[in-house]
Amino acid sequence: MRSTTVFSLPAVGKRTVNSFLLQGERPVLIDTGVPGTGPKILERAAALGIRPSDIAAIVVTHGHIDHFGSAAFLHRTTNAPIIAHSGDLGAYQQGRIAKPLVPTGPFGWLFGKTPVPHAHTEPFVPHVILDGPTTLREYGVAARILPTPGHTPGSISVLTDDGDLIAADLIAGRFLGLLSAPANPPFHDDRGRNLASLNAMLDLGPTTVYVGHGAPLPAARVRRWARREQRRLDRLPARDRPEVRRADATEPRSRS
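Quick caveat: nothing in here was measured; it's all calculated off a predicted structure.

Rules used throughout
Residues numbered from 1 in each chain as written. Predicted model: local features only at pLDDT ≥ 70, side-chain atom pairs only at ≥ 80, totals over all residues. Heavy atoms only, no water. Core = buried A, V, L, I, M, F, W, Y, C linked by side-chain atoms within 4.5 Å. Buried < 20%, exposed > 50% of the residue type's maximum accessible area, 1.4 Å probe, protein only. Helix = DSSP H or I, 4+ residues; strand = E, 2+ residues; numbered from the N terminus. Contact = heavy atoms within 4.5 Å. Polar contact = N/O pair within 3.5 Å; in protein donor to acceptor, adjacent residues only side chain to side chain. Salt bridge = Lys/Arg side-chain N within 4 Å of Asp/Glu carboxyl O. Expected span 1.5 Å × (residues − 1). Arc of directions from axis to C-beta. 1 Å grid on protein atoms, 1.4 Å probe; cavity = no way out; pocket = protein on both sides within 12 Å on 5 of 7 lines; lining within 4 Å. Points joined across faces, edges and corners; volume = space filled by probe spheres on them. Nonpolar A, V, L, I, M, F, W, Y, C, P; charged D, E, K, R; others polar.

S.K.: An account of the nonpolar core is needed here, citing residue identities and associated values.
M.R.: Grouped together as the largest cluster of nonpolar side chains are 23 residues, with contacts concentrated most on Leu29, Ile55, Ile58, Val60, Phe68 and Phe124. Within the residue set of this core, elements represented by two or more residues are strand S1 (5–12), strand S2 (17–23), helix H1 (38–46), helix H2 (65–68), helix H3 (71–78), strand S5 (82–85) and helix H4 (89–94). Ignoring sequence-local partners within four residues, the contact set of valine 60 consists of Asp31, Thr32, His67, Phe68, Ala71, Ile82, Ile83, Ala84, Tyr92 and Ile156. Core analysis: the next-biggest nonpolar cluster, separate from the first, contains 20 residues, Ile30, Ala57, Val128 and Leu130 among them.

S.K.: If you had to explain the side chain of asparagine 18 to someone new, which residues and values would you point to?
M.R.: With respect to the element layout, asparagine 18 can be found in strand S2. A polar side-chain atom of asparagine 18 sits 3.0 Å from the main-chain carbonyl oxygen of valine 211. Not counting residues up to four positions away in its chain, the partners in contact with asparagine 18 are Leu9, Pro10, Ala11, Asp31, Val211, Gly212, His213 and Gly214.

S.K.: Give me the pattern of salt bridges: which residues, what numbers.
M.R.: Side chains that differ in charge, positive against negative, can pair when their charged atoms come close. Summed over the entire model, instances satisfying the criterion amount to six salt bridges. Two residues, arginine 232 and glutamate 229, come together in a salt bridge whose shortest N-O distance is 3.0 Å. Placement of the pair is arginine 232 and glutamate 229 together in helix H8 (residues 219–234), with a separation of three residues, close to one helical turn. If you follow the salt bridges from partner to partner, you end up with Arg191, Glu229 and Arg232 in one network.

S.K.: Can you explain H8? Please cite residues and give values.
M.R.: Spanning 16 residues, H8 covers 23 Å between terminal C-alpha atoms, matching the ideal 22 Å at 1.5 Å per step. Restricting attention to buried positions, one finds in H8 the residues Ala219, Val222, Trp225, Ala226, Glu229 and Leu233. Along the axis of H8, the buried residues cluster in a sector spanning 110 degrees; they form a single face. Next to the buried residues of H8 lie strand S12 (179–183), helix H7 (191–202), strand S13 (208–211) and strand S14 (217–218).

S.K.: Tell me what's going on with the layout of surface pockets, and back it up with residues and numbers.
M.R.: Taken as a whole, the largest pocket encloses approximately 350 Å³ of empty space. Every residue lining the largest pocket is counted, 19 residues in all, and those nearest its centre are Thr104, Gly105, Arg174, Ala183 and Asn184. By residue number, the principal contributor to the lining of the largest pocket is H8, which donates four residues. Its residues assigned to classes, the lining of the largest pocket shows nine nonpolar, five polar and five charged.

S.K.: With reference to specific residues and values, describe empty space enclosed by the protein.
M.R.: Tallied over the entire structure, the rule returns one cavity of 30 Å³ or more. Around the largest cavity sit Thr61, His62, Thr148, His151, Ser155, Ile156, Ala167, Ala168, Asp169 and Leu170, which together line it. Here the lining of the largest cavity is composed, by residue class, of four nonpolar, five polar and one charged.

Rendered as structure tokens:
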């Protein structure tokens, strides 16, 4: 019997930008969409019988505007604490992406020229600031938050005890989820470090990978993609080749 159920709550399009609801003893919201999509996320939660006051916590996976854009609004509406990693604190405090975007390919280069990734939103300070792994059990969900740096310094993922991985932008559906094939998202701060984080999560044995952009992916398919990505990185000239390190997912730590 499953202890936690994952519900997709698309904030933009059918799955262009996703939020997620983890339903255990209490519901926990993962990611908050772009600015202005908070009411839509709450409407989708209400369709599942979840009231704003039911939400126990809001987890923000990283400091890109399409993941924290409605965090301040949703906190005010739900009174749920926001949980995020210290590595992206600057973006949350400024209400915008805190450093230049690094494209992963031509699509990222073009997308980075549009106003969308550079939008501003209401700033906030997370109520629980992580600097290592932690658990969501005190919020009623059998799941762990694990640091997965690379996409941004403060990227985190959530792994449920049932084997569902909320991977945010460790990986994506191609063209922001338009195609349900594994791909890099448009940007990574450090492509090699991101791959190391993805491999570390796959080593923990998830069965399904939920992504910020696109439909859920079978973990076996993501593993095959990760091997191809490693070969692509290995073919780069030595001066351009990122160092692929193993991400650390050890003992729970947090500070509030």
